[in-house]
Amino acid sequence: MPKDPKIKKVLVLGSGPIVIGQAAEFDYAGTQACRALREEGVEVVLVNSNPATIMTDADIADHVYIEPLNVASLTQIIQKERPDSILPTLGGQTGLNLAMNLHEEGILADYGVRLLGTSPTSIKKAEDRQEFKDAMEALGQPCVTSDVVESVEAAVEFAGRIGYPVIVRPAYTLGGTGGGIAYDEPSLREIADRGIHLSRVGQVLIERCIAGWKEIEFEVMRDSAGNVIQICSMENIDPVGVHTGDSIVVAPTQTLANKEYQMLRSAALDIISALEIEGGCNCQFALNPDSFEYAVIEVNPRVSRSSALASKATGYPIAKVAAKIALGYTLDEIPNAVTGKTTACFEPTLDYCVLKIPRLPFDKFTTASRKLGTQMKATGEVMAISNSFQGALMKAIRSLELNVKTLRLEGLEDLYTEEIEEKLADVDDQRLFVVAEALRRGFSPEKINAITKMDVWFLTRFQGIIQMEAELSKGVPDAETLRRAKEMGFSDAYIAALCGSTRAEIKALRESMDIRPSFKMVDTCAAEFEAATPYYYSTYDRENEAEPSADESRRKVLVLGSGPIRIGQGIEFDYCSVHSVWALKKLGCETIIINNNPETVSTDFDVADKLYFEPLTAEDVEAVVELEKPWGAVVQFGGQTAIKLAKALTEMGVPILGTSSDGVDAAEDRERFDEILQQCGIPRAEGRTVFTTEEAIKAANEVGYPVLVRPSYVLGGQGMEIAYNDRNITEFMRIINRTVQEHPILVDKYLMGREVEVDGVFDGEDVLIPGIMEHVERAGVHSGDSISVYPSLHIEDKHKETILRYTRDLARALGVIGLINIQFIIYSDQVYVIEVNPRSSRTIPYISKVTGVPIIDLATRVMLGEKLRDMGYGVDIYPEQKYYAVKMPIFSFEKLTDVDTGLGPEMKSTGEVLGLDESFPQALLKAFKGANLRAPKKGGRVIITVRDEDKGEILGIARGLADQDIEIFATAGTCAALSEAGIPAKLVGRVSEAHPNILDMIASGSVDLVINTPTKGRKHDTDGFKIRRSAVEHSVACVTAIDTARAILTVRAQSRSADLRPIDITAL
Amino acid sequence: MRASLILENGAVFLGESIGEVGKRVCELVFNTSMTGYQEILTDPSYAGQGVVMSYPLIGNYGVNSQDNESSQPWVDALIVRRLSSLGSNFRCEGTLDDYLKEYHIAGVQGVDTRALTRILRTQGTMNGMITCGSDFSIQDALEEIKAFRVEGTVERVSRKAPETFPADGETRFKVALMDYGVKQNMIGCLTRRGCQVTVFPCHTPAEELLQGGFDGVMLSNGPGDPADNVAIIQEVKKLYESDLPIFAVCLGHQLLALATGAKTHKMPFGHRGGNHPVKDLAAGRCFITSQNHGYVVTPETVDPAVAEISHVNVNDGTVEGLRYKRPNCFTVQFHPEAAPGPMDTEYLFDRFIASMGGGHNA
C-alpha cells in the first residue's frame, strides 16, 4: 500500500531530557524519522523539551516546540498546529506514555488526530502487564509465572506461593525504574512499595526469578500488510537478571543453534503480528541454557535503545523505515538505502561480530552501589565491530575511556584468589574483569560458568585473550603471534607493554611483517549485493574495502566524535560534531567521522561522507589517518574525548583545524594559564598546582579555606570538591588518585559569587558572543547542574563589557580559532575567570536555538579561514532576544541508589530541559514543568532543614512560601531560626528521633517539597543524606541549594500556568 | 597445518586446514546464514560444492545428532573465517572439526571470507581447490580446477531403496516423496501433519508411485544442474500428467518446470542463505525464506497456458514459485522446510495437505 494521502501534518514526540534508560538513541531515531517524513512531503511538528538534541533544530522539522512533554502543553500545541496525525513510537517510553495519555483523555479524538503506526489497543496490550500476559497466553507464548499486584500485601502473598527469589517490575516505567530482585519478604516489601509508587498506574509485576537463563533479544518490524521481518538478534553475555541496558551484548547470537534461534525468531514474529504493531518492536526472551524452554520477558512496541543498537549493528535504518510504515508504505515498497537496489523487506545478515558494552557512571559516583540488576544504571554505551568476538571485545573496552586497555582492571591482581572467587558472584560493572582475573588465576571456564552462568563459549574467548597475554609476555612476538594478537584486537600499546617494547617499535615491527589494518564495509547483506554504504570497521584481514576518494579538489576533514555518553559529556557534543560535519559539507569538504557510540546521530552512516566505527584512541585513529590522509582534523566538537587526541594527531602530521593542541594545553596547564591571565590583566582566584596530598594541604592553607580541589584535564567537574579543612583534602585526594592519574591536581580559593558563562567564536581578530548566560545557583554548584538563564538577569553592562574584553583577550592569548567557553564569577563587583575551555560546551545547542546564531557553523567556517565580519552575525555580544530561556538540569537519582543528591562542584545531572517564554518567571515555570518539578500549591507542605550557614538566607524564602499559604515544617535548628524570625513553622522530628519523624513524613506522601542543604563531606550516614535519598525514593521534590529554593518561590509567586503559551522556535 | 584455497580465477587464499587433511576440487558457493552450519553441511543439495560461510564465527555451538538433514554431510569442502574449537550448547555432542574429520570433509579456516564472497559475487560461482600440500603447481591445479564439473550428484545423494516414515499420530494421508537429495525436515514437515511418507530413489518410475495408492506426491530439493536429469524429467512429466496433487521444492520445482516445457538457467552466484524475501503474488505478502539454489526457472519460458508465476524474489525479481493450471499442483524455488532458516513459509505444507482433500487413500 502506498503512502496514505490523508496524512499531511504529523506531530512527532521526542523523549525529553536524557536520563538513565532514555538517552541519545531517541534523538537519532527522531531525527531520522523527521527526515523520512519530510522526504515524503509531510509537514512535521516536533515537540521535545530537550534543547540539546539535533531533532529540535529549526531545520529538522517544520515547526519545533521545545516545550514540556505533558498533556496540557501538548494539548495547546495540538490546538495551535492542528496536526492530522501523531507519531508516538519514536520518543521512547516518554513519547509512548504521553500519546496514550492524550488518547485516554480524549484529546486526540477531540481534535481528530490519528495515532499513526501502532493502535492504542496494541500499545496497551504490550504495555499493560495483565493485558500482555493474557495476549501471550492466547498466542501460546510462554511467560514467566507472574502476577500483577497493586499492593505490597498482595505481592507478599503471591511471592509466598511461587517462592523466592522474585523479580519486581513496575508497570509503565523507563528502564525498569524502581524494579529489582527480592530474595526475601523484607526486601520484597521495600521494592514493591517503591515500584507501586513509581508506576504510572500503581501496578507492579511479581514474577518467578529466572536469573541465569540466557537473555536473547530480537528486533522485528511489521507493516500494515502484515509483512514481518527480523532485523537483528542479540545475545546478552550477562544472563537474565541484569537489565539489557547494563548488559554486555553481542550481535548476532553466538551460542544458539539454528533450532533455538528460529524458535525465538518465530516467536518474535508471532508476537508482533498478534499485537498488530506497525513499525518496529523489540522482543526480549529468556532461554533456559539446558533445554528449549523459553519465556517472553518483555516487548517494547516502539523504537528503543536496542533498536538503535540493531540499526548501527546491521546498517538497517529502523526508525526511518518505521516512519515510512507509519505513513502507509509496506516494507517491499521502501527502498534499501544501503544497496540502493533491494528493498527494506529483507533480513540483514552480518558477516562480522558486534559488541556493546554499557558505560556506567561509577567513575563519577564513586560511592554509588555498583550492583547491577533489573534497574538500568548505565548512562551510555559503546559499540565495536570486528570479524572476531575477541576483536570486537578489545575494541569496545578501549572505547570505554576508563583507563582500561584490555581485560585487566587495576587492583584486582592484588586480591587473594578466594576474594576473586567471592567477587565472581557479585553482579556488578566489574564482573567482566573479575572473570578475566579468575581465568588468569587458573579457574576453569566451567567453574566460572557455574558461578556466573555466563556461557562457556564467551568464557573461552576471554581465556584466549588471557593466553595471548601470557604468550606476549614472553618477549617480542614472531610474525604469526603478532598477527593473531592483532586479529584478537590487541593494541600496539598493550602488546608493547606486555613484551617490554614501545608502541612505535611494535608498529614498525608489524609493518615490516606487513600486518596492517584493513577496513570492511557494513552493508546489511554480507557482501551478497553491491553496496555503497560509507560505513566501515577495521580488521586485520586480507582485503581493504575502504578506498580514499580520488577527488583531490575536496579538502578532506576528519571529525572526531565524543564517544559514549557519560555524566559531563552528553548528547550536546554529538550535536556539535554533527553540525560541524554539516557545516564542512556545505563548505565543499569531504567529511570523515570516527566515533564508537551507537546511540547517536553522528554514527548514522548518512551524516558524514564516511563513517569509521572505531575506538577513539591514538592507534585506532592513526589507522584511519594513514589510509585517508586527511587534510585536517577537527577536535573542538567532540568533548574531552576528541581534545585528548589533538596532540597525537599533530604528531601524526594531521593539521588541527582551529585552535592548536598547544592552545588547548595552555588552557589546561595551570602555570601557562596563570601566565596568560597575568599578561591579559585578568584576575582569578588564587590557586596552586599539586601532585600529592601533602602539597594539596599546604596549598589550601596558603590560599585559605574553603578551596576547590579538582584534577586537570577532566570534564564535568569530575572529582571536584569544595574542601573546608585538611581532612576533606585527604579524603578527596584519595578518591581523585584512584580514578585519574598522570595529570596534576588544582587547588583554588573558592569564591562564592554569581556565576556567568559564555560561549564565543573567535576568528583571530574578532569574537562573537551569541549570549551571556547567568546561573541561578551561585558558584560552587557545577555549571552543568545549575539552572542557567539567558539573557542574563543581573549582570551590569560594565561587567558585560569586561566579560567581552576578557573573552577576546583570552581567546587571542590562547591562540583560539573557533570556539571558546569561559566561566566567570562576579564577586565583590569584580569579574574573575574560573575556567576556560577552548572547545565546544554543553550550552551551545540551546544558545544556538534561542539566539538563532548557528554557532557551530560559524566556528567551523572560522576554522577554515573565514572571518566573522563577513558572516552576517556581527561581532562582540550578539543582541539579546526578547525571550527568556531557562535551561534546567535533570538528574537520574532514582535509578542510582546510594548517590547523594546534594549539588556541588562535581556534575551529577544526566540531561536538561528548556523553558522558553517572554518573561523570566514564566520561562522558569516552563522549565520546571519540563523537569516535572512542581512548586508546592497553596495549602501545600514543605519541609525545610538547612545547614547553619544557610539559616540566614532561608528566612526570606520561607517567608515568601508562608505568604503563599504554604505550610512549613522544619527540623529543630531550622524551626527555631524560622520561629525567631516570626515565620510560622511546625517542628518535625529528626531522622534519629521518635516516629513519626521527618522520614515518615516524606514517606507518607503528604509533603510537596523538601529544602535541604547538605553539610560538608561525602559521608553517607548523615541525616541529610537519608532525607535526600528518602525524598528521591518517594518521588518528593528535593532541592539542595538555597538559590534553587528561591527559584521555586519565584515560580510560586510570580508565574501562572494558565498564561503559558507554546512557542514555535522556527518562528522566533 | 597450512592449507591453500586456489580459485579458478587464479586467486590463492592461504589459511589453516580444518577437518580432513587432503585435496578437494569443487564448485565454490557462499552461504549467508548466521546459524545452521550443520544443516547446511548435511543438505544433499550441496553435493559437489565447497561452501564458504560468510558469517565469520562457525562451530560455536558444536554438532549434535538431531540437526542432520540427511545421513551424512554432502558438502565437499567447508571454508570459514574462524572455526570454534569449542562447541557450547546443551545439545552439543562434539566439535565441528571432529565432525568434519569423521566424515572426511576437508576445509580451510583463516581466510578472508568476505573478500572471497565478494569475488564470487562479482565474478560468479567458480570452481576451486583446497590443498594442504605446498608443492603444487598453480598451473596444474588450475587445469584440474577448470576441468571440474558437478555431475551425477542426484544419483549420488538419492536413497538407493524406498524408505517409509510413519505419520506422527494418526495417518491421514499417504505421500510419495521423490528423493533427489531430500532434507530430513521436509519429511518431518509432512509426518508432523499426519502424512505417512514413502521416500523413493530418484530413478523410481512414475508408474510405481501412481500405482502405490498415494494421496499426493512431493518432489524434493537436490543438487546440480536440473537440465542434466533427462530421464528423471521424463518420469516427472508422467506424474504431472496424472491427477495426483503435486508439491515440489527447489530442484523438484525446476524439474517440473522443465518437464512442462519451461527452461532453467544458471544464476551468476545463486541464492544461499536464510534472509531472502519472496512475494506471494496472490496473497500480496512477503515472506522471508531459506534458499539454496544456483539455477532458476527462466520466466519467459513459462507457458501461461501451463502455469503462472506465483512467487517472485523481492530482491532480484527471479521466479520463486509456479502455480500450474492443472489442478492441485504448485511448486516453489525456496525451502519452506527451512532447516536452517526461517520457518515462515511452512504454511505451504498445509496448502499441500489441503490439496490432497479428504485423504481417501490413507
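Please read all numbers here as calculations on a predicted model, not as lab measurements. (Residues numbered from 1 in each chain as written. Chains lettered and ligands numbered in written order. Predicted model: local features only at pLDDT ≥ 70, side-chain atom pairs only at ≥ 80, totals over all residues.)

### Overview of the overall build of chain B
Counted only if it meets this: Only DSSP runs of H or I reaching four residues or more are called helices, and only runs of E reaching two or more are called strands; each is numbered from the N terminus. Our radius of gyration looks at C-alpha atoms and nothing else; its globule reference is 2.2 Å times the residue count to the power 0.38. Here a residue counts as buried when 20 or more other C-beta atoms fall within 10 Å of its C-beta, as exposed when 12 or fewer do, and as partly exposed in between; the C-beta atoms come from the backbone. It is the C-beta atoms, placed from the backbone, that decide contacts: two residues are in contact if theirs lie within 7 Å.
Counting its secondary structure elements, chain B contains 10 helices and 19 strands. Taken over C-alpha atoms, the radius of gyration comes to 20 Å for chain B, in line with the 21 Å a tight globule of 362 residues would show. C-alpha atoms of chain B, sized along the principal axes, occupy 65 × 45 × 40 Å. The buried share among the 362 residues of chain B stands at 60%. For chain B, restricting intrachain contacts to residue pairs at least 6 apart in sequence, the fraction spanning at least 24 positions comes to 75%.

### Side note on the environment of Leu793(A)
Residue and element names in this part refer to chain A. Within the secondary structure, Leu793 sits in the loop between strand E29 (788–790) and helix H28 (797–814). It is 40 Å that separates the C-alpha atoms of Leu793 and Pro358, two residues lying 435 residues apart in sequence. Not counting residues within four places of it along the chain, the set of residues in contact with Leu793 comprises Glu774 and Phe920.

### Regarding the sheet that holds strand E13 (residues 279–287) of chain A
All names here are of chain A. How we decide: Only when DSSP finds a minimum of two bridges between them are two strands counted as paired. To get an axis, fit a line to the C-alpha atoms, keeping to the stretch in contact for a helix; angles then go from 0 to 180 degrees between the N-to-C directions.
Strand order in the open sheet formed by seven strands is E14-E13-E10-E11-E12-E15-E16, and the pairing between neighbours is antiparallel. The sheet is open, and its two edges are formed by strand E14 (294–300) and strand E16 (380–386), each paired on a single side. Each adjacent strand pair in this sheet contributes to an overall mean axis angle of 25°, direction not counted. Examined bridge by bridge, strand E11 (residues 228–236) and strand E12 (residues 249–251) share two bridges and lie antiparallel to one another.

### Focus on the pairing of strand E27 (residues 754–762) of chain A
Residue and element names in this part refer to chain A. Of all nine residues making up E27, nine are buried, and the element is well covered by its neighbours. Judged by which residues are buried, E27 turns out to be covered on both faces: Arg754, Val756, Val758, Gly760 and Phe762 on one side and Glu755, Glu757, Asp759 and Val761 on the other are all buried. The pairing of E27 with strand E28 (residues 767–775) spans six bridges and is antiparallel. Note that in E28 the partner of Glu757 across the bridge is Met773.

### Describing the environment of Asn313(B)
Residues and elements named next belong to chain B. With respect to the element layout, Asn313 can be found in strand E17 (residues 307–313). A C-alpha to C-alpha distance of 6.0 Å links Asn313 and Pro277, two positions 36 residues apart in sequence. In contact with Asn313, other than residues within four places in its own chain, are His276, Val278, Thr318 and Glu320.

### Examining the interface of chain B and chain A
The condition that has to hold: Classes in brief: Ala, Val, Leu, Ile, Met, Phe, Trp, Tyr, Cys and Pro nonpolar; Asp, Glu, Lys and Arg charged; the others, Gly included, polar.
Counting residues at the interface gives 39 residues for chain B and 44 residues for chain A. Elements that contribute at least two residues to the side of chain B that touches chain A include exactly helix H3 (113–123), strand E15 (264–280) and strand E16 (285–297) of chain B. Here the side of chain B that touches chain A is built from residues that sort into 16 nonpolar, 12 polar and 11 charged.

### Brief notes about the environment of Asn387(A)
By the element assignment, Asn387(A) lies in the loop between E16 and helix H12 (389–399). For Asn387(A), a count of 24 C-beta atoms within 10 Å puts it in the buried group. Sequence-wise, Asn387(A) and Met488(A) are 101 residues apart; in three dimensions their C-alpha atoms are separated by 9.3 Å. Those residues in contact with Asn387(A) that lie beyond four places of it in its chain are Tyr352(A), Cys353(A), Thr539(A), Asp541(A), Pro56(B) and Arg81(B).

### With respect to the domain arrangement of chain B
Residues and elements named next belong to chain B. Using the following cut-off: Each domain span listed reflects an automatic or database assignment of domains.
Segmenting chain B into domains produces domain 1 (2–150) and domain 2 (154–355). Its C-alpha centre places domain 1 at a distance of 27 Å from the equivalent point of domain 2. With 24 residues of domain 1 at the contact, the number on the domain 2 side is 24 residues. Among the elements of the structure, strand E3 (24–31), helix H1 (37–41) and H3 are those that each provide at least two residues to the side of domain 1 that touches domain 2. Among the elements that line the side of domain 1 that touches domain 2, the one with the most residues is E3, at three residues. A class-by-class count of the residues in the side of domain 1 that touches domain 2 yields nine nonpolar, 11 polar and four charged.

### Remarks on helix H11 (residues 318–326) of chain A
Residues and elements named next belong to chain A. Taking burial as the measure, the nine residues of H11 include nine buried ones, the bulk of the element. Of the residues making up H11, those classed as buried are Ile318, Ala319, Lys320, Val321, Ala322, Ala323, Lys324, Ile325 and Ala326. For H11, the elements touching its buried residues are helix H1 (25–39), strand E4 (85–87), strand E10 (214–222), E11, E13 and helix H10 (305–314). Note on H11: the residue one or two positions beyond its end, Gly328, has a positive phi of about 115°.

### Quick word on the pairing of strand E36 (residues 967–970) of chain A
All names here are of chain A. So the rule is basically this: For crossovers, right-handed means that the path from the first strand over the helix to the second runs clockwise, given strands pointing away from the viewer.
Alignment of strand E35 (residues 941–945) against E36, held across four bridges, turns out to be parallel. Looking across to E36, one finds that Ile943 is bridged to Phe969. Handedness of the β-α-β unit built from E35, helix H32 (residues 951–963) and E36 comes out right-handed. For E36 and strand E37 (residues 986–987), the ladder comprises two bridges, and the chain directions are parallel. Looking at E37, one finds that Ala970 is bridged to Leu987.

### Some remarks on the sheet that holds strand E8 (residues 106–109) of chain B
All names here are of chain B. Spatially, seven strands are ordered E1-E2-E8-E6-E4-E3-E9 in a closed barrel, and the strand pairing comes out mixed. On average, each strand axis in the sheet is tilted by 35° relative to the strand beside it, whichever way the strands run. Both E3 and strand E4 (residues 49–53) contribute to a ladder of five bridges, which runs parallel. If you follow Asn31 over to E4, its bridge partner there is Met53. Along the sheet face, H3 touches strand E1 (2–7), strand E2 (12–19), E3, E4, strand E6 (77–80) and strand E9 (126–131) and points at about 125° away from the line of E4. Here helix H4 (residues 138–147) sits on the sheet in contact with E1, E3 and E9, set at roughly 130° to E9.

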